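Chain residues, written in single-letter form:
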Amino acid sequence: MMRSPVSEFWGSELKTRLDKMIVICEQLCNIRYHSDVEEEEAVVEFDEEVEILLDQLTGTSTKQLQIISITGMAGLGKTSLARKLYDHGLIKYMFDFRAWTCVSQSYINKDLLISILSCFMDDCTNEYHQLSQQQLGEMLYRKLKGRKYLVVLDDIWDCRVWNDLQIYFPDDKTGSRVLFASRDIDMSLHQIAASLRSFMVSDPRQYIDSLALSYNHLPPHLRPCFCFFGAFPEDYEVPVTKLIWLWIAQGFIHETGSRMLEDVAEECLMVLIKRSLLMTSRIKSDNQVKTCRIHDLLRDFCLRKAEEENFLYRDVMFSSMLCFPLEVERFLQDGGFFHINTYKFLKILDVESIRISMFPLEAVQMVNLRYLAIQANDGSPHASISNLVYLQMLIISSRKNIVVPKTIWNMVNLRHLYIKSGENLMDEPRDLQVTGCTCPSVLASFQTLSQVSPQSCHNIFSRTPNLRKLGFCGPLISSLGDLEFPNLGSLAHLQKLKLLNTFPYRNVTRPCNPIMFPEKLKKLTLSNTGMDWKEMWTFAWLPNLEVLKLKFQSCIGERWETGDAEFGRLKVLKLHDLDVKKWVCLRDNFPRLQRLVVRRCLQLENIPATLGKIFTLEVIEVNGCSLSAYKSAMEIQKEQECEGNYFLKVHAKPNF
């Protein structure tokens, strides 16, 4: 008879138990694929497991909040084991508060919060159902603050539930614990991989079998995505956006219903991170993954698997990795002889680290290219760029401003045109010959357009209905002092907009009507727009705005008083290189703010103390500002800690 599964748990595991965990995990995999276990919980004894987990739950060696997980397929006794622990006399004695809630496959965060609160609040009446999730979460946070608690989340199907709720669980170094009971076998593999990471240095060879186990249980469509990391050098931090584009260019990502390939690829990335096959290196201000990397041992594993499964990197050329023939380098830099037929099947040509004089015409003969990245003194593409009918990503770094030819509108597979700098022009499109008929071409998959002059974009957006990211660089102020740019009304899916003004205007300017901005806009960056601080209320009307970046001279004036404006969904606020001296605001102006970043605002006297009372605020970062601003930030942290809020982190550095 198959042995009962033992729990895997997060936190500090003893190395001596690791091998046993791996063996049992293999048994779990056998159960998953070969057993006919019924859905009912098995009646089994857990004496050994209870002893191990009791030690993890009540041990005093680690005071930080720990997450412990009991993992296995349905019917193996996870809930029975969790209940046995929950009702144990030692647990009742050691914890101030205990709570139990069942998550299940379909859950509502608000209901889970009410369920947890009801476990240790006698007055949890129906009135609580009238409160918002944020209000309930704040109530839970205040209740648990400074106390030692145990919360059991039973029947978890997706670890996203913890990502949603963890903000409401304070870590006051009291020895609190959260216990998961999960039927997700992938979570088990993730925990083993996370545990292995600490011991790889001692004897990596003994863990190869465990890595193979995790790899073998990857869905088939994820395996090439993982093996692709063998194309990158050791310890290389891979930008996530670039990685996703490369996966798509290689054909690893397939359409799922009406979803964009980029969304599917991002989901694949998070699965690999969840299983600890990839490591997060840097995080964006909005908590999205910015760069990731792979452990050297896993990279070697990728190379071996790629060789075993005949997964080759022959369709890829990365100059940054020096894995391209010398004749290509000589040709690009010195104009040497180039055997173009040798590379006619190339899909990816990334020569961005090699500076060349102009856009290489020979590249347009590589008709199979999906991804092209170059760096040139003059990066203007030739009209024959449209020969690259399969091209999906075009990345250009150019010292001179470039002109994008009108033939770009014939490239129906183009998804991203990423120009890294300058004030660049889009050649005015006309009716083009598409599939034998004369009609305006529509790039249905086109999602990114950056660093383009607004003056050349008045007639193009009807052709880019699914554009998500747009960056204007050029004159954005009218002769009357109004902020103006092309009509974005057709861009129903636009999420990110950058406005960099290059037109000098001596007086303060006025913003445009909020209805000029697409409703789904989430991220807005302003630079050199010269608006009056009094007009900032305009952007509070953007219903989905989550990230607002105010950079050099975006606003002018010594005082910013937010008044009664409410940036209801704003999570990230960045203030860079501004002349503001006094900032007056209330907690209610930014009810969901999570991160505040203030850099090089030399005249700012202080950070408003009321910001420290925002429940959702996680980080205040102050760099290169006045000494008084620095001291005020540190005072906010001190005051919040006195009130029992150790959740808020302040990173401050004065401008010495």
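Up top is the structure.
Residues numbered from 1 in each chain as written. Predicted model: local features only at pLDDT ≥ 70, side-chain atom pairs only at ≥ 80, totals over all residues. Heavy atoms only, no water.

**Focus on the packing of aromatic side chains**
Under the criterion given, the structure shown has 21 aromatic pairs. Plain terms: the ring middles of W162 and F169 are 5.2 Å apart, the flat faces sit at 50° to each other, and that makes the pair tilted. For the pair W162 and F169, a shared accessibility class is recorded, and that class is buried. Residues W533 and W560 carry aromatic rings whose centres are separated by 4.7 Å and whose planes lie at 25° to one another, so their mutual orientation is stacked. In this pair, W533 sits in the loop between β21 (531-532) and α15 (537-540) while W560 sits in strand β24 (residues 559-561), placing the two residues 27 residues apart along the sequence. Judged by its relative accessible area of 2%, W533 falls in the buried class. (Phe/Tyr/Trp six-rings, centres within 6.5 Å; stacked < 30°, edge-to-face > 60°. Buried < 20%, exposed > 50% of the residue type's maximum accessible area, 1.4 Å probe, protein only. Helix = DSSP H or I, 4+ residues; strand = E, 2+ residues; numbered from the N terminus.)

**Let's talk about the nonpolar core**
Formed by 90 residues in total, the largest nonpolar core has its most connected members in L470, F472, L524 and F590. The leading source of residues in this core is strand β9 (residues 348-358), at 4 residues. If near-sequence neighbours (up to four positions away) are discounted, L524 is found in contact with L497, L499, F517, F539, L542, L545, V547, L548 and K549. Of all hydrophobic cores here, the second largest spans 40 residues; its members include F232, I244, I248 and I273. (Core = buried A, V, L, I, M, F, W, Y, C linked by side-chain atoms within 4.5 Å. Contact = heavy atoms within 4.5 Å.)

**With respect to the pattern of salt bridges**
Enumeration over the complete set of coordinates arrives at 19 salt bridges. D482 serves as the salt-bridge partner of R510, at 2.8 Å between the closest nitrogen and oxygen. Of this pair, R510 sits in the loop between β19 (496-501) and β20 (523-527) while D482 is found in the loop between β18 (469-474) and β19, placing the two residues 28 residues apart along the sequence. Look at R510 and you get partly exposed, because its relative accessible area is 40%. (Salt bridge = Lys/Arg side-chain N within 4 Å of Asp/Glu carboxyl O.)

**With respect to the side chain of T291**
On the secondary structure map, T291 appears in strand β7 (residues 289-293). Here R282 takes part through its backbone nitrogen, which lies 3.2 Å from a polar atom of the side chain of T291. Setting aside residues no more than four positions away along its own chain, T291 makes contact with E237, V238, P239, V240, T280, S281 and R282. (Polar contact = N/O pair within 3.5 Å; in protein donor to acceptor, adjacent residues only side chain to side chain.)

**Comments concerning the sheet that holds strand β3 (residues 149-156)**
A sheet is described by the order of its strands in space; here 4 strands give the open sequence β1-β4-β3-β2, paired in parallel fashion. A strand with exactly one partner marks an edge of an open sheet, and here the two such strands are β1 (66-71) and β2 (97-102). Shown here is a sheet whose adjacent strand axes are inclined to one another by a mean of 15°, direction ignored. Alignment of β2 against β3, held across 6 bridges, turns out to be parallel. Paired with F97 across the strands is Y149, a residue of β3. Packing of helix α3 (residues 78-86) onto the sheet brings it into contact with β1, β2, β3 and β4 (177-182), and relative to β2 it is tilted by some 165°. (Pairing = 2+ DSSP bridges. Axes fitted to C-alpha atoms, helices over the stretch in contact; angles between N-to-C directions.)

**A few points about the packing of helix α11 (residues 240-250) against helix α12 (residues 261-274)**
Between α11 and α12, whose axes approach to 10 Å, the crossing angle comes to 115°. Between α11 and α12, the angle falls in the class roughly perpendicular. Helix-helix and strand crossings are classified by hand; for α11 and α12 the assignment is right-handed. Packed against α11, whose contacting residues are V240, L243, I244, W247 and I248, the element α12 presents L261, E262, A265, E266, C268, L269 and L272 at the interface. (Parallel < 35°, antiparallel > 145°, perpendicular 65-115°, else oblique. Left-handed = near helix turned anticlockwise from the far one by under 90°.)

**A short note on the sheet that holds strand β5 (residues 238-239)**
Read across the open sheet, the 3 strands follow the order β5-β7-β6; overall the sheet is antiparallel. For this open sheet the edge positions go to β5 and β6 (279-283), each flanked by a neighbour on one side alone. In this structure, β5 lies alongside β7, joined through 2 bridges in antiparallel fashion. Opposite V238, over in β7, you have C292 as the bridge partner.

**Examining the side chain of T562**
As for its placement among the helices and strands, T562 is situated in the loop between β24 and β25 (572-576). On the accessibility criterion, T562 (7% relative accessible area) is buried. Among all residues touching T562, those that are not within four sequence positions of it are W583, V584, C585, L586, N589 and F590.

**So, α11**
Burial analysis of α11 places 10 of its 11 residues in the buried class, which makes it a mostly covered element. Just downstream of α11, G251 is the residue with a positive phi angle, here 85°.

**Considering unusual backbone geometry**
Excluding glycine, most residues fall at negative phi; most peptide bonds, likewise, are trans. Of note, D155 is a non-glycine position whose phi angle comes to about 60°, a positive value. Position of D155 among the secondary structure elements: in strand β3. Owing to a relative accessible area of 19%, D155 belongs among the buried residues under this scheme. Within the chain, N528 stands out as a residue other than glycine whose phi angle is a positive 60°. Within the fold, N528 resides in the loop between β20 and β21.

**A closer look at the packing of helix α5 (residues 109-118) against helix α6 (residues 133-144)**
Put simply, α5 and α6 touch, their axes get as near as 9 Å, and they point 30° apart. As judged from the angle between their axes, α5 and α6 are roughly parallel. Handedness of the α5/α6 crossing: left-handed. For the pair α5 and α6, the contacting residues are N109, K110, L113, I114, I116 and L117 in the first and Q133, L136, G137, M139 and L140 in the second. Along the lines of polarity and charge, the residues of the contact of α5 with α6 split into 7 nonpolar, 3 polar and 1 charged. (Nonpolar A, V, L, I, M, F, W, Y, C, P; charged D, E, K, R; others polar.)

**Some remarks on the pairing of strand β11 (residues 393-398)**
A regular strand places its side chains on the two faces of the sheet in alternate fashion. The buried count for β11 comes to 6 of 6 residues, which makes it a mostly enclosed element. Of the two faces of β11, the one holding M393, I395 and S397 and the one holding L394, I396 and S398 are both buried throughout. Judged from the 6 bridges that link them, strand β10 (residues 371-378) and β11 form a sheet pairing that is parallel. Paired with A373 across the two strands is I395, which belongs to β11. As paired elements, β11 and strand β13 (residues 416-419) share 4 bridges and run parallel to each other. What sits directly across from I395, in β13, is Y418.

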